[in-house]
Amino acid sequence: MGMPASLTLSERIRRIEVSATMAITAEALRLKSQGVDLADFGAGEPHFSTPEHIKRAAIEAIERNYTRYTAVAGIPEIRRAIVDRHAADFGTDYTPEECVFTTGGKLALFNAIEVLVEHGDEVIVPVPAWVSYKDIIQFAGGTPVFVETSEADNFRVTATMIEAAITPKTRAIILNSPSNPSGAIIAKEDLQNIVRLAHERGIYALLDECYVYLCFDSEPVSGASVTECKEHIVVLGSLSKSYAMTGWRAGFALGPKPVISAMNKLQSQSTSNTNTVVQHASIAALTGSQQCVAEMRAGYLEIRDKVLEGFKSIPGLTCTVPQGAFYVYPNVSAFFGKGGVQTASDIAARLLSEAHVVCVPGEPFGTAQHIRLSYAVSSNVVNEGIKRMQSFFGSLR
Ligand code: PLP
């Protein structure tokens, strides 16, 4: 159905696009509904179930009738649980007044950008980067400024690279470590240098810590541990991936009081408080044993190695070793010009239609030579997926 000619949507909404991954997801769903057996590496979410103690806390909350409105920023206990967890893990010293609980980490990022970014402001984004940053910045009237990183250097982001992109219009920098889509980690020293640079220049460091607990070879690091730069740091946190809670929609922000108050004000005119039951479940997640996080992390590491091992049997495919999150980002450019494929998008589309393998092309993440696979899947799916990829890529040569 077309849109009536008289309906003109706001300029604001016309500035953004639906998620770039939608087309491939829609096609995958269509094939699935026809009964096609897909090896699905598309969705960026844990295949694990939410741990039992978290589910029980939610059920208990319902039984106790914790079902009413709460303070917009969340009940004191959830904000206390968030700041205590962050302090214990990273040595930060946030107070509950410097914390807002949000309906998912995405809303924390959205609201932070809305209250900080003015029309014409620039926000620095190292690429490859999560698809949503660009649109969230543009919705606020800002301009994303992409900083390229080098695959040969494991997608390293340094203060020197960020400094070269700063202009008088720069308002913020978004840092995401471990990274979606590459799984790369920003080394502690680089992260701290970038945070210090931001503070010196009066720019906000927006730290997207969505995958912070999914680090394989090193201890999790937060840029917010440089507490002397607190004035210019906003932490954007999520329970989605660490606790396998994507559908619950649980996220938060930690930051300077004026920024958090402004985010609270915005939230008071939109979602109000996050679901009360989810607040109680999230307290259980953050204050209970963290063993479940360690177990899931070990699970991802095992699957990562299986996937990387499988990739070795596909000549032409090269891949950096992801140090965190649950994504691999292989380079497929060796296949461009072969068998009728020209781009990563062509490869993703053909992998889906011919091999029934779901992945996401690199273009929306800001690099044209890659595809992203989420390996938060069972080992059966990995085995089957690798087999199908071997024969697909073999057929292109
Ligand atoms: N940041 C990154 C890098 C992500 O990949 C995601 C989800 O995929 C989010 C933030 C938001 O997660 P959620 O809104 O589920 O907390």
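Every residue gets a number counted from 1 within its own chain, in the order that chain's sequence is written. The predicted origin of the model limits local features to residues at a pLDDT of at least 70 and limits the giving and counting of side-chain atom pairs to 80 or more, whereas totals for whole chains, interfaces and linings rest on all residues. Side-chain numbers here rest on the full set of heavy atoms in the structure, without hydrogens or water.

A. Examining the sheet that holds strand S12 (residues 371-374) more closely. Any two strands with at least two DSSP-identified bridges between them are counted as paired. The way it works is that DSSP assigns letters per residue, a run of H or I at least four long becomes a helix, a run of E at least two long becomes a strand, and they are numbered from the N terminus. Read from one edge to the other, the open sheet built from three strands follows the order S9-S12-S11, with strand pairing classed as antiparallel. In the strand order of this sheet, the two ends are held by strand S9 (327-328) and strand S11 (360-361), each with one partner. Relative to S12, S9 runs antiparallel, the two sharing two bridges. Across the sheet, Val 328 pairs through a bridge with Leu 373, a residue of S12.

B. Broad picture of the site of the ligand. Think of it this way: one heavy atom of a residue within 4 Å of a molecule or strand is enough to make that residue near it. The immediate surroundings of the ligand are formed by 14 residues, with Gly 105, Asp 208, Ser 238, Ser 240 and Arg 249 found nearest. Taking Tyr 211, its side chain carries an N or O atom lying 2.7 Å from an oxygen atom of the ligand. Polar contacts, as used here, are pairs of N or O atoms within 3.5 Å; protein pairs need one atom able to donate a hydrogen and one able to accept it. Residues neighboring in sequence count only if both atoms are side-chain atoms. The separation between an oxygen atom of the ligand and a polar side-chain atom of Arg 249 is 2.7 Å. In short, Shrake-Rupley with a 1.4 Å probe defines the accessible areas, and a residue's cover is counted only from the protein chains shown. In isolation the ligand offers 400 Å² of accessible surface; the protein chains occlude 91% of this area. In the shell around the ligand, the residues fall into four nonpolar, six polar and four charged. When residues are sorted by character, Ala, Val, Leu, Ile, Met, Phe, Trp, Tyr, Cys and Pro go into the nonpolar class, Asp, Glu, Lys and Arg into the charged class, and all the rest, Gly among them, into the polar class.

C. Structural view of the sheet that holds strand S7 (residues 233-238). Read across the open sheet, the seven strands follow the order S2-S8-S7-S6-S5-S3-S4; overall the sheet is mixed. The open sheet has two edge strands with one neighbour each: strand S2 (99-102) and strand S4 (143-148). Along the sheet, successive strands turn relative to each other by an average axial angle of 20°, direction set aside. Both S2 and strand S8 (residues 251-254) contribute to a ladder of four bridges, which runs antiparallel. Paired with Cys 99 across the bridge in S8 is Leu 254. For helices, the fitted line uses only the C-alpha atoms of the stretch in contact; every axis is such a line through C-alpha atoms, and the angle between N-to-C directions lies from 0 to 180 degrees.

D. How the structure looks around the domain arrangement of the protein. Split by domain assignment, the protein resolves into domain 1 (13-49 + 292-396) and domain 2 (54-287). The gap between the C-alpha centroids of domain 1 and domain 2 is 26 Å. Counting residues at the interface gives 34 residues for domain 1, matched by 36 residues for domain 2. Note: buried area is the sum, over both parts, of the accessible area (probe 1.4 Å) each one loses when the two are combined. Interface area for domain 1 against domain 2, summed over the two sides, is near 3000 Å², with a carbon-plus-sulfur share of 60%. Together, Arg 15, Gln 323 and Phe 365 form the three largest contributors to the area buried by domain 1 at its contact with domain 2, with a combined 22%. For the domains described, the bounds stem from an automatic or database domain assignment. Contacts are residue-level and defined by heavy atoms, with any inter-residue pair within 4.5 Å sufficient.

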